[in-house]
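Chain by chain, the residues run as shown.
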Amino acid sequence: MNFDRIEAVRAGADRRPDLAEPPDTGWVDVTLPDVWTSRWPGYDGVVWYRLTWHETSPAQARGLLLSYLNMAGAVYLNGSLLSRDDSLVEPLTRAWNTPRYWVVEAPALRPGVNTLLVRVSGLAAYSPGLGAVTRGAPAAVHARYEVDRWVRRDLQLFSLAITVTLGVFVLTLWLYRRDETAYGWFSAMSFAWWLYAVNQIATRPWPFATTDAWEVFVSIAFLAYCGCFTMFVLRFCGRRMPRIETSLWTIFGVGAGWLVVMPHASIETSRALWAVIPGVTYLGSCLLLFALTWRERRLEQRIVSLCALTFIVAGTHDFLVFLGVLASNVYYTAQTSQVLMIGMAIVLARRFAENARRIEQFNDELRVRVDDAREELALTLSRQHELEVANARLAERLNLAHDLHDGLGGALVSSIAAIEHAPHTLPPERFLGLLKELRDELRIVIDTAATHQHGGLTLAEQIAPLRHRITELFESQKIQCVWRLDGIEQCEVSAVQSLELLRILQEALTNVLKHSRASQVSIDLQHDDGRVTLRVEDNGVGFGVDGVQSSVSPDAMGHRNGTGLHSMRLRAQRLGGSLALHRENESTIVLVHVDLRGHGEARRGV
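Residues numbered from 1 in each chain as written. Predicted model: local features only at pLDDT ≥ 70, side-chain atom pairs only at ≥ 80, totals over all residues. Heavy atoms only, no water.

### A few points about the nonpolar core
Link 1 in the chain: In this structure, Phe186, Tyr225, Phe229, Phe232, Phe236, Tyr282 and Leu348 are the most contacted members of the largest nonpolar core, which totals 50 residues.
Link 2 in the chain: Those elements giving two or more residues to this core turn out to be helix 1 (138–176), helix 2 (181–197), helix 3 (211–236), helix 4 (242–261), helix 5 (267–296) and helix 7 (333–421).
Link 3 in the chain: Among the elements that make up this core, the one with the highest residue count is helix 3 (12 residues). (Core = buried A, V, L, I, M, F, W, Y, C linked by side-chain atoms within 4.5 Å. Buried < 20%, exposed > 50% of the residue type's maximum accessible area, 1.4 Å probe, protein only. Helix = DSSP H or I, 4+ residues; strand = E, 2+ residues; numbered from the N terminus.)

### With respect to the sheet that holds strand 5 (residues 62–66)
Link 1 in the chain: One open sheet holds the three strands; their spatial order is 9-5-12, and the pairing between them is antiparallel. Looking at the sheet topology across the chains shown, the edges are occupied by strand 9 (100–104) and strand 12 (133–136). Sheet twist, expressed as the mean angle between neighbouring strand axes with direction ignored, is 15°.
Link 2 in the chain: Bridge analysis of strand 5 against strand 12 gives four bridges, and the strand direction is antiparallel. Among the inter-strand pairings, Gly63 is bridged to a residue of strand 12, identified as Gly136. (Pairing = 2+ DSSP bridges. Axes fitted to C-alpha atoms, helices over the stretch in contact; angles between N-to-C directions.)

### Examining the packing of helix 2 against helix 3
Link 1 in the chain: Two elements in contact, helix 2 and helix 3, have axes whose closest approach is 8 Å; the angle formed by their N-to-C orientations is 160°. In this view, helix 2 runs roughly antiparallel relative to helix 3, as classed from their interaxial angle. When the axes of helix 2 and helix 3 are compared, the crossing they make is left-handed. On helix 3, the residues that touch Thr181, Ala182, Trp185, Phe186, Ala188, Met189, Ala192, Trp193, Leu195 and Tyr196 of helix 2 are Phe217, Val218, Ala221, Phe222, Ala224, Tyr225, Cys228, Phe229, Met231, Phe232, Arg235 and Phe236. (Parallel < 35°, antiparallel > 145°, perpendicular 65-115°, else oblique. Left-handed = near helix turned anticlockwise from the far one by under 90°. Contact = heavy atoms within 4.5 Å.)

### Some details on the confidence of the model for the protein
Link 1 in the chain: Per-chain confidence: the protein averages 81 in pLDDT, with 79% of residues scoring 70 or above.
Link 2 in the chain: Highest mean pLDDT in the protein belongs to strand 2 (residues 28–29) (95); lowest belongs to helix 11 (residues 554–561) (39).
Link 3 in the chain: Contacts of residues 450–455 to residues separated by more than four positions or lying in other chains number 10 contacts, the stretch itself having pLDDT below 50.
Link 4 in the chain: In this model, residues 600–606 is a region of pLDDT below 50 whose contacts with residues beyond four sequence positions or in other chains number 25 contacts. (pLDDT = per-residue confidence, 0-100.)

### Topic: the pattern of salt bridges
Link 1 in the chain: Following the criterion strictly, the structure yields 20 salt bridges and no others.
Link 2 in the chain: Residue Arg177 pairs with Glu180 through a salt bridge whose shortest N-O separation is 3.6 Å.
Link 3 in the chain: Here the salt bridges do not stand alone but share partners, grouping Arg5, Glu7, Asp29 and Arg50 into one network. (Salt bridge = Lys/Arg side-chain N within 4 Å of Asp/Glu carboxyl O.)

### A look at unusual backbone geometry
Link 1 in the chain: Here the residue pair Leu32 and Pro33 is connected by a cis peptide bond, since its omega of 0° sits within 30 degrees of zero.
Link 2 in the chain: Topologically, Pro33 is positioned in the loop between strand 2 and strand 3 (34–35).
Link 3 in the chain: A cis amide bond links Glu90 to the next residue, Pro91, at an omega of -5°.
Link 4 in the chain: Looking at the element boundaries, Pro91 is found in the loop between strand 8 (80–84) and strand 9.

### Thoughts on helix 3
Link 1 in the chain: Helix length check: helix 3, at 26 residues, gives a terminal C-alpha distance of 37 Å against a target of 38 Å (1.5 Å per residue), a fit within 8%.
Link 2 in the chain: One or two steps after helix 3, the chain reaches Gly238, where phi turns positive at roughly 70°. (Expected span 1.5 Å × (residues − 1).)

### What to know about a nonpolar patch on the surface
Link 1 in the chain: There is a patch of nonpolar side chains on the surface, built from Val254, Trp258 and Leu273 and spanning about 270 Å² of accessible area.
Link 2 in the chain: Of the residues examined, Trp258 reaches a relative accessible area of 39% and is grouped as partly exposed. (Patch = residues over 30% accessible without salt bridge, like charges linked within 9 Å, V, L, I, M, F, W, Y side chains within 5 Å. Areas by Shrake-Rupley, 256 points an atom, 1.4 Å probe, with all protein chains shown as cover.)

### Topic: the pairing of strand 14 (residues 520–528)
Link 1 in the chain: Examined bridge by bridge, strand 13 (residues 480–486) and strand 14 share seven bridges and lie parallel to one another. Across the sheet, residue Val482 finds its bridge partner in strand 14, namely Ser522.
Link 2 in the chain: Assessed by its sense of winding, the connection that carries the chain from strand 13 through helix 10 (residues 495–516) to strand 14 is left-handed.
Link 3 in the chain: Sheet topology note: the strand 14/strand 15 (residues 531–538) ladder contains eight bridges and is antiparallel. When the sheet's bridge partners are listed, Ile523 is paired in strand 15 with Val536.
Link 4 in the chain: With antiparallel pairing between neighbouring strands as the criterion, strand 14 and strand 15 make up a hairpin whose turn holds two residues, including Asp529 at a positive phi of roughly 55°. (Right-handed = clockwise from strand over helix to strand, strands pointing away.)

### A short note on the side chain of Arg153
Link 1 in the chain: On the secondary structure map, Arg153 appears in helix 1.
Link 2 in the chain: For the buried Arg153, no salt bridge is present, and the opposite-charge side chain at shortest range is Asp154, 6.4 Å distant.
Link 3 in the chain: Not counting residues within four places of it along the chain, the set of residues in contact with Arg153 comprises Asn97, Thr98, Pro99, Asp148, Gln200, Ile201 and Thr203. (Lys, Arg positive; Asp, Glu negative; His and termini not counted.)

### Here's the deal with the packing of helix 9 (residues 459–476) against helix 10
Link 1 in the chain: Put simply, helix 9 and helix 10 touch, their axes get as near as 10 Å, and they point 15° apart. When the interaxial angle is binned, helix 9 and helix 10 end up roughly parallel. Note that helix 9 runs across helix 10; the crossing there is right-handed. Between helix 9, through Leu459, Gln462, Ile463, Leu466, Arg469, Ile470, Leu473 and Phe474, and helix 10, the contact on the second element is made entirely by Ala495, Ser498, Leu501, Leu502, Leu505, Gln506, Leu509, Val512 and Leu513.
Link 2 in the chain: The class makeup of the residues in the contact of helix 9 with helix 10 is 13 nonpolar, three polar and one charged. (Nonpolar A, V, L, I, M, F, W, Y, C, P; charged D, E, K, R; others polar.)

### Details of the sheet that holds strand 13
Link 1 in the chain: Ordered by their spatial adjacency, five strands build an open sheet running 13-14-15-17-16, and the pairing between neighbours is mixed. One side of each edge strand has no neighbouring strand; the edge strands of this open sheet are strand 13 and strand 16 (578–584). Between one strand axis and the next, the sheet turns by 10° as a mean value, whatever way the strands run.
Link 2 in the chain: With eight bridges joining them, strand 15 and strand 17 (residues 587–595) adopt antiparallel strand pairing. Residue pairing across strands places Val532 opposite Val594, the latter belonging to strand 17.
Link 3 in the chain: Across the face of the sheet, helix 9 comes into contact with strand 13 and strand 14 while running at roughly 170° to strand 13.
Link 4 in the chain: Strands in contact with helix 10 are strand 13, strand 14, strand 15, strand 16 and strand 17; relative to strand 15, the strand with the most contacts, it is inclined by about 5°.

Here it is, written out as structure tokens:
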């Protein structure tokens, strides 16, 4: 139903704006919706609207719907208060997007003329005025109210919930995949839009003390949103434009500072300016998105561009409303933003799923390759094991050969020397003794090969048989043999270590017997805190050359001086020690140093 007359009057400087009564004069006819700045430019204060109509007798219940008033106000029917906002002075209640509905019962209506007074408090910079007012049957008016409430409030809340939910979700994705910067800019864009769109439902300017401060905050949030959207478009399309990006944020930073420091008198112009600049930037980003997505023909990017097109249409409408070109205060970007947000979230989720699928495929391929490599490695290790077994067997044979050479061979040389220097008729007892010595040497080799890990005897106990036999042999050859043993009674070594050390000593003494033509030989064996020192010194002619050097390599030594010296050096190395040979004061010295601490049992087969 239409009203008979709609009038407006402002409470000027000569009238108190806080009065609950409108002025008697100065009323002018208006049409709704009305923005009073077209009539009273730059006016901040209170404007009264008076709507009159006639009711038939008897009066019937009516429904009244006030779409909005901007910014805060109070409503009276026939002098009775219907509703009043909490604050009609700064900081004003932000009721600009709140529809109001009443059911007026028949007793509150008068047969004849009825008057609806609406007091509106507003600021010129924010399109102050009164929206459409509808009266009629309660059911019909309530149905329209439900639509208005859905558009202006419920849909806004729904959109804000979706925005912040998607923002948090995509932010979580970005925190797990920092290299996907499009996710980070999308979440930043979502939060900036939430701060901007909350203006649709906020009913007071908290935490700010004035309406101007709240509007500046909303404008800065819009700047941040447009900047983050531009960055998202660039990263989503795989582009980086450092100079343009730096210029963008510099301009927006200047704009934010401008909005903060501007005076109230210029706030309307400044807000319009810093709405146009980011708006144009946003439009340019959308055009760039269209150009890049349709040129590259990627499905996910085309989906985002189509969603952005919907947002552009709504944004164009809201931009014209903001500038006053369209006579409305309904903004659709908040409602359509969820289309863009959901579309981009779906695309980002699809991209994330594709990346996960690629990772799974890569893992499957990697698993196959690892299995193949494992099989190949197992085959290689099997072959290597066979080679190691063969090498170990060969090494054992070489060690056995060295043991036979150093032990049994030395015993044979000693026996041959004894027989050569003996009388023509060797007593049977002596001949039998020589055979027993050969048997004992053979037993030593066999026992050591069979029991690598068993010892239990001190070095003194293990060297005693060799000392006795060598002493007798050297005395039979008219060679003085001097033994100096120190500390070996407490030295417990394994059978293998003992054999290695005894074979070195035996080979050294065999060389003295075979080659030196010496008349005196001294054996010095000492043990001190895990260190064993063996020194064999004879006054013979040496090894054929004076000054045999300890630095001669095993190969060279074996080539120059025979298998014996080479075997001695290898045994010393297996014990973790060193062997040196040199001439000193017309004497030949064989010096062996072995550190048995932590060395464990000698490693056979080195």
